Amino acid sequence: MQRPIVAGNWKMNGNLGSIATLVDAIEAGTGGLDRVRVVLFPPFVYLPQVSHRLKGTAISLGAQTLSEHTAGAFTGEVSASMLLDFDCSYVLVGHSERRNLSRESDLLVARKFVAARDAGLTPVLCVGESLQEREQGATEAVVARQLRVVLDLAGVQRFEGAVVAYEPVWAIGTGMTATPEQAQEVHAFIRRTLAEDNAGLATSLPILYGGSVRAANAAELLAMPDIDGGLVGGASLDASEFLGIAAAAQRHSEGT
Ligand code: 13P
């Protein structure tokens, strides 16, 4: 079994003081968790601070988005090479909040995925349907479309070393977690969709679940065969909740 990934997306939260406290607590609490890959996604401006703090630890660093361009007149944007300067190894691509609030299209998301992968970053490609789309029975169609645009632009080989996160929009920040069965169904669908292009790669691709993951529901989600970890929002701002999720992943990985 691959090491499960427990990723904390802090979104636009925190300040210098609270982030120092949070990173220290997470670092102290994950020291013994040798079968879990922990990744933290702070806001851009705190990357130098968190990068410095994580040096020499097993925790990886990621950014919440990146530019599809390498350099130039793109005010407010941050490139892949800038993220590498601060030891980022992961980057979220296509988070639903960016798709919705910043109007990022499927094609823009695909371009960002390519920019990340080509720079040597691990993109975490986020996909997922809205409540309305689920109620219309369009979940698979939406997820297939979001994946297909990236597959067509990037090619399946660029998924080698990438991660996909299934984040149903209706479960994000709402406390309404998808049931393990609902999540498993979509995770299996994602794997089948990628398998159409490359079966071997689809088998080894880590697929994370995101949407109101907490310490109390992590174990049952991780027990599903196609759930390889969690992308955690709200609960990642609370060290004890986040560490509870990481501990559940460690127990799952150990088979205990
Ligand atoms: P919540 O865990 O707050 O639902 O957020 C999930 C998410 O969007 C992680 O990227």
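This text follows the structure it describes.
Residues numbered from 1 in each chain as written. Predicted model: local features only at pLDDT ≥ 70, side-chain atom pairs only at ≥ 80, totals over all residues. Heavy atoms only, no water.

(A) Seen up close, the overall build of the chain. If you tally the helices and strands in the chain, you get eleven helices and eight strands. A compact globule built from 256 residues should have a C-alpha radius of gyration of about 18 Å, and the chain, at 17 Å, falls within 12% of that. Viewed in the frame of its principal axes, the chain has a C-alpha envelope of about 50 × 45 × 35 Å. When burial is assessed residue by residue, the chain has 52% of its 256 residues classed as buried. Pairs at least 24 apart in sequence give 74% of the contacts found in the chain among residues at least 6 apart. Summed over all atoms, the accessible surface of the chain reaches about 11,000 Å², with 53% contributed by carbon and sulfur. Positive and negative side-chain charges of the chain, numbering 20 and 28 respectively, have mean locations separated by a distance of 2 Å. (Helix = DSSP H or I, 4+ residues; strand = E, 2+ residues; numbered from the N terminus. Rg over C-alpha atoms; globule rule 2.2 N^0.38 Å. Buried < 20%, exposed > 50% of the residue type's maximum accessible area, 1.4 Å probe, protein only. Contact = heavy atoms within 4.5 Å. Areas by Shrake-Rupley, 256 points an atom, 1.4 Å probe, with all protein chains shown as cover. Lys, Arg positive; Asp, Glu negative; His and termini not counted. Charge placed at Lys NZ, Arg CZ, Asp CG, Glu CD.)

(B) Representation of the layout of surface pockets. The computed volume of the largest pocket comes to approximately 390 Å³. In terms of lining residues, the largest pocket is bounded by 14 residues, among which Lys11, Met12, Gln64, Thr65 and Arg98 are the most central. By residue number, the principal contributor to the lining of the largest pocket is helix H4 (residues 96-101), which donates three residues. Among the residues making up the lining of the largest pocket, the classes are represented as six nonpolar, five polar and three charged. (1 Å grid on protein atoms, 1.4 Å probe; cavity = no way out; pocket = protein on both sides within 12 Å on 5 of 7 lines; lining within 4 Å. Points joined across faces, edges and corners; volume = space filled by probe spheres on them. Nonpolar A, V, L, I, M, F, W, Y, C, P; charged D, E, K, R; others polar.)

(C) Expanded view of the packing of aromatic side chains. In total, this model carries two aromatic pairs according to the counting rule given. With 4.7 Å between their ring centres and 35 degrees between their planes, Phe113 and Phe159 make a pair best called tilted. Taken together, the positions of Phe113 in helix H5 (residues 106-119) and Phe159 in the loop between helix H7 (139-154) and strand E6 (163-166) put the pair 46 residues apart, joining distant regions of the chain. Taking the centre distance of 6.3 Å and the plane angle of 55 degrees together, the rings of Tyr166 and Tyr209 count as tilted. Within this pair, whereas Tyr166 is found in strand E6, its partner Tyr209 is found in strand E7 (residues 207-210), the two being separated by 43 residues in sequence. Like Tyr209, Tyr166 is buried. (Phe/Tyr/Trp six-rings, centres within 6.5 Å; stacked < 30°, edge-to-face > 60°.)

Note that every value here comes from positions in space, so none of it alone points to a role or purpose.
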